[in-house]
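Below are the chains, spelled out letter by letter.
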Amino acid sequence: MQTIYTDLLCIGAGLAGERVAVEAAMAGFNVICLSIVPPRRSHSSAAQGGMQAALGNAVMGKGDSPDVHFADTVKGSDWGCDQEVARIFADTAPIVMREMAHWGVPWNRVVAGTHTYYKGGKPFEAEEAADKHGLIHARAFGGTAKWRTCYTADGTGRSVLNTLDTKCLQYGVEIHDRTQAEALIHDGERCLGAIVRCLKTGELRAYLAKATLIATGGYGRIYRATTNAIICDGGGQIIALDTGLVPMGNMEAVQFHPTGTVPTDILVTEGCRGDGGTLLDVNEYRFMPDYEPEKAELASRDVVSRRMIEHIRKGFGVQSPYGEHLWLDIRHLGVKHITTKLREVYDICTNFLGVDPIHQLIPVRPTHHYSMGGVRVDKTGAAYGLKGLFSAGESACWDMHGFNRLGGNSLAETVVAGSYIGKQVAQFLKGYEVDFKSSAIRDAEAKIAERIKNITTSAKGRENCFQLRNEMQDVMMEHVGIFRNGKDLQAGVDKLQALYERSMNIGLQAPTKGFTPEMSMALRVPGMLKLALCTAYGALQRTESRGAHTREDYPERNDRDWLNRTLAYWKDGDTLPTLKYEEASPYYELPPGDRGYGGGKIIPAELPAEKFVVPGKSAPTEAPSEAPAAKPAKSEKKK
Ligand SMILES: Cc1cc2nc3c(=O)[nH]c(=O)nc-3n(C[C@H](O)[C@H](O)[C@H](O)COP(=O)(O)OP(=O)(O)OC[C@H]3O[C@@H](n4cnc5c(N)ncnc54)[C@H](O)[C@@H]3O)c2cc1C
């Protein structure tokens, strides 16, 4: 087996992986990035809308600051986030956005003078200031008090990823694409790298590294209808969970985006609603203001998605051969706006739906979109359970998102966390030496080689991996969707457990040596089922409604009992995760209260006064509205 040494191994070369890689390479360390696909094809390139940073250049962003951004993020998370991390994020985002401009990202810029903008389908005029002319512009996104989503037309992810990939070349970061990490190498205490499969030859290689980063994006493909690319199968989360030592955080926190298109599930950006698009029902009636008078279409995603399903359930959905949907209307924005600032939306609609959005309505429905959960890390990005293992981006539960991430906060998280965690990784590497124990390498290789042998020879059976994957995706859609309840969740968990047991008997339908796409799927499916079980079981045990986790049988947000984060561990031989719980946040700069949208009752917590002591600050920035203080959240509550 070929063995390759490096200081830092980044598993994943999307925005988060490449940003950490650049930071470590700038500090003088050798870095290798692995990727299933060429890095510029990573899923980050699909992000259209933009990234949030409180720059306050646009007239509609006037008065914005990291404090306002912090408050929006915490409310968006429904108080599920780690406020220390949200604070680091909000404070760092403007610096990183300007740095990205310096590195070459062609942000849309403020043009001084009077402009016509739209809110809720209605035009209004606003004057961009002369002294802001040429500075980074921003658009509106859901759940924000100010316009702060920086953008490059609607190809933001692509232009930022191209820029970072160029930086990787400049600093000598090695990119090994068409390689897939299959297992972490570890000695029970330290992470020593990964066993990786070459997707061209099918051969296994050992990558030995002093530090290893998981930046493999989300696990959206455990659902049937998702906006995620097919490579978003949770590969990084799976290898971390497989160690039995590293927990996943808040896997039940899964976001559905209001405007997945029908029938392709391709996303049209939140920028459509931000720029003034409206949601209409079967009668072409704009229903959102009836549910959310204040924010309407620009409430947070969990809220808008729920309202859409509620409205469809009341009989106002549009019937189609692909199921019921609603309409997104951007016609009033006109030709110029749609073919420039929403150009990709125009292309998606015309190429895939046969719809001309300048003249026609776009069929949309809530579609799975984002994984708030992932590899649980501390504020430095270090994974729980194994020294030398880090995670950043959507694969991680750094936890600035809690139970609902705000639109534009994820792309920003990739580069902000990438910059911040990259510095922590560089600091960790300074003077760090490690003994690459050959027994640890042999164990990890033997585990994967054995699995490949069983699958190739069908030694344990001949279950079809694609069939199991499809059944899992259907269970997740049916049982672990937007509205959840105990009975359905229990049925979902039972079905997933049965599928997981069958997945131990996967055999190739067409046995061949070397690389086959079927082998990749066969190796991945048992792990995807573990992630699905962490999600479904975590949702079953969490008997409250918070952010995107809505329990019809427990409609209140329960700060008294559930102001905490789920940690899911997987022990060898088990068919269910072991769940533990930790406090959601070390302190509450913004005390738990009402989000200002979405409605719903809150069971208040009684937190001790010391929970409100923020280092460097004397008092909370905002008084608690409904939920005052006293009892600490339970730690380590075993279910
Ligand atoms: C359609 C769409 C639009 C979006 N638009 C926005 C937006 O406008 N604003 C916003 O804030 N957020 C947006 N998001 C979310 C945001 O784009 C993602 O959260 C973010 O880009 C994730 O970046 P990442 O670097 O963590 O992972 P990714 O970009 O997904 O990169 C993951 C990397 O890991 C590699 N990889 C995966 N598994 C393995 C493995 N086992 N071995 C080796 N390599 C592996 C992949 O090849 C890839 O290089 C959008 C998401 C979608 C789906």
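Every value quoted in this text rests on a predicted model; they were computed, and no experiment measured them.

**Q** Any details on the side chain of Glu84? Residues and values, ideally.
**A** Counting through the fold element by element, Glu84 comes out in helix 3 (residues 83–103). Overall, the relative accessible area of 18% leaves Glu84 in the buried class. Apart from residues no more than four positions distant in its own chain, Glu84 is found in contact with Lys379, Ser585, Pro586 and Tyr587.

**Q** An account of the nonpolar core is requested, with residue identities and associated values reported.
**A** Ranked by size, the top nonpolar core spans 132 residues in total, and within it Leu8, Met100, Trp107, Ile185, Trp398, Met472 and Leu496 carry the most contacts. Looking at this core, the element that brings in the most residues is helix 15 (residues 517–541), giving 15 residues. Once residues lying within four places of it in the same chain are set aside, the contact partners of Leu8 are Val20, Ala24, Asn30, Val31, Ile32, Ala209, Ala211, Thr212, Leu213, Val425 and Leu429. If you look at the next biggest cluster of nonpolar residues, it comprises 28 residues, including Met288, Leu328, Leu333 and Ile362.

**Q** Residue-level account of the site of the ligand, with values.
**A** Taken together, 40 residues lie around the ligand, and His43, Ser44, Glu394, Ser410 and Leu411 are the ones closest in. In the environment of the ligand, an oxygen atom lies 2.9 Å from a nitrogen or oxygen atom belonging to the backbone of Ala16. Against a free-state accessible area of 1000 Å², the protein chains account for coverage of 98% of the ligand. At the level of elements, helix 1 (15–26), strand 2 (31–35), strand 8 (179–186), strand 15 (362–371) and helix 11 (409–429) are the ones that each hand at least two residues to the shell around the ligand.

**Q** Break down unusual backbone geometry for me, with residues and values.
**A** Omega for the peptide link from Val262 to Pro263 comes to 10°, which places this bond in the cis form. Tracing the chain through its elements places Pro263 in the loop between strand 12 (254–261) and helix 6 (271–274). Although it is not a glycine, Ala153 sits at a positive phi angle of roughly 45°. Of note in the backbone geometry, Ser458 takes a positive phi value of approximately 55° without being a glycine. Tracing the backbone through its elements, the reader meets Ser458 in the loop between helix 12 (438–457) and helix 13 (465–479). With a relative accessible area of 16%, Ser458 lands in the buried category.

**Q** Which residues make up helix 5 (residues 235–242), and what values go with them?
**A** Helix 5 sits mainly inside the fold: seven of its eight residues count as buried. Where helix 5 ends, the next residue or the one after it, Gly244, has phi of about 80°, a positive value.

**Q** Describe the sheet that holds strand 11 (residues 248–249), naming the residues involved and giving the relevant values.
**A** The mixed open sheet is built from five strands, whose spatial order is 18-16-11-22-23. In the strand order of this sheet, the two ends are held by strand 18 (396–397) and strand 23 (578–583), each with one partner. When strand 11 meets strand 22 (residues 564–569), the two strands line up antiparallel, connected through two bridges. Paired with Met248 across the bridge in strand 22 is Ala568.

**Q** Outline the sheet that holds strand 15, listing residues and values.
**A** Across the sheet, which stays open at both edges, the four strands sit in the order 12-15-14-13 with antiparallel pairing between neighbours. One side of each edge strand has no neighbouring strand; the edge strands of this open sheet are strand 12 and strand 13 (278–280). Adjacent strand axes in the sheet meet at a mean angle of 45° when their direction is disregarded. Of the strand pairs in this sheet, strand 12 and strand 15 are connected by six bridges, and their pairing is antiparallel. Bridge pairing links His257 to Thr367 in strand 15.

**Q** Lay out the environment of Lys122 in plain terms, naming residues and giving numbers.
**A** The topology assignment puts Lys122 in strand 5 (residues 122–128). A C-alpha to C-alpha distance of 9.3 Å links Lys122 and Gly277, two positions 155 residues apart in sequence.

**Q** How would you explain the pattern of salt bridges if you had to name every residue and give the values?
**A** Applying the stated criterion across every chain yields a total of 45 salt bridges. Between Asp302 and Arg306 there is a salt bridge; the shortest N-O distance is 3.5 Å. With Asp302 and Arg306 both in helix 8 (residues 301–316), this residue pair falls four residues apart, about one helical turn. Each of the two residues, Asp302 as well as Arg306, counts as buried. Between Arg546 and Glu544 there is a salt bridge; the shortest N-O distance is 2.8 Å. Exposure class is identical for Arg546 and Glu544. Each is buried.

**Q** Got a sec to walk through the packing of helix 2 (residues 66–76) against helix 3? Specific residues and values, please.
**A** Between two packed helices, both the angle of their axes relative to each other and the distance between the axes serve to describe the pair. Interaxial distance between helix 2 and helix 3 falls to 9 Å at its minimum, and their mutual angle equals 140°. Relative to helix 3, the element helix 2 lies oblique. When you trace helix 2 past helix 3, the crossing you get is right-handed. Note on element contacts: helix 3 touches helix 2 through Gln83, Ala86, Arg87, Phe89, Ala90 and Asp91, opposite Pro66, Asp67, His69, Phe70, Thr73 and Val74. When the residues that make up the contact of helix 2 with helix 3 are grouped by side-chain class, the tally is six nonpolar, three polar and three charged.

**Q** Could you give an account of the environment of Lys460, with specific residues and numbers?
**A** Tracing the chain through its elements places Lys460 in the loop between helix 12 and helix 13. Separated by 297 residues in the primary sequence, Lys460 and Thr163 have C-alpha atoms spaced 47 Å apart. Once you skip the residues sitting within four places of it in the chain, Lys460 turns out to touch Asn454, Met504 and Asn505.

Procedures and definitions
- Residues numbered from 1 in each chain as written.
- Predicted model: local features only at pLDDT ≥ 70, side-chain atom pairs only at ≥ 80, totals over all residues.
- Heavy atoms only, no water.
- Helix = DSSP H or I, 4+ residues; strand = E, 2+ residues; numbered from the N terminus.
- Buried < 20%, exposed > 50% of the residue type's maximum accessible area, 1.4 Å probe, protein only.
- Contact = heavy atoms within 4.5 Å.
- Core = buried A, V, L, I, M, F, W, Y, C linked by side-chain atoms within 4.5 Å.
- Near = heavy atom within 4 Å.
- Polar contact = N/O pair within 3.5 Å; in protein donor to acceptor, adjacent residues only side chain to side chain.
- Areas by Shrake-Rupley, 256 points an atom, 1.4 Å probe, with all protein chains shown as cover.
- Pairing = 2+ DSSP bridges.
- Axes fitted to C-alpha atoms, helices over the stretch in contact; angles between N-to-C directions.
- Salt bridge = Lys/Arg side-chain N within 4 Å of Asp/Glu carboxyl O.
- Parallel < 35°, antiparallel > 145°, perpendicular 65-115°, else oblique.
- Left-handed = near helix turned anticlockwise from the far one by under 90°.
- Nonpolar A, V, L, I, M, F, W, Y, C, P; charged D, E, K, R; others polar.

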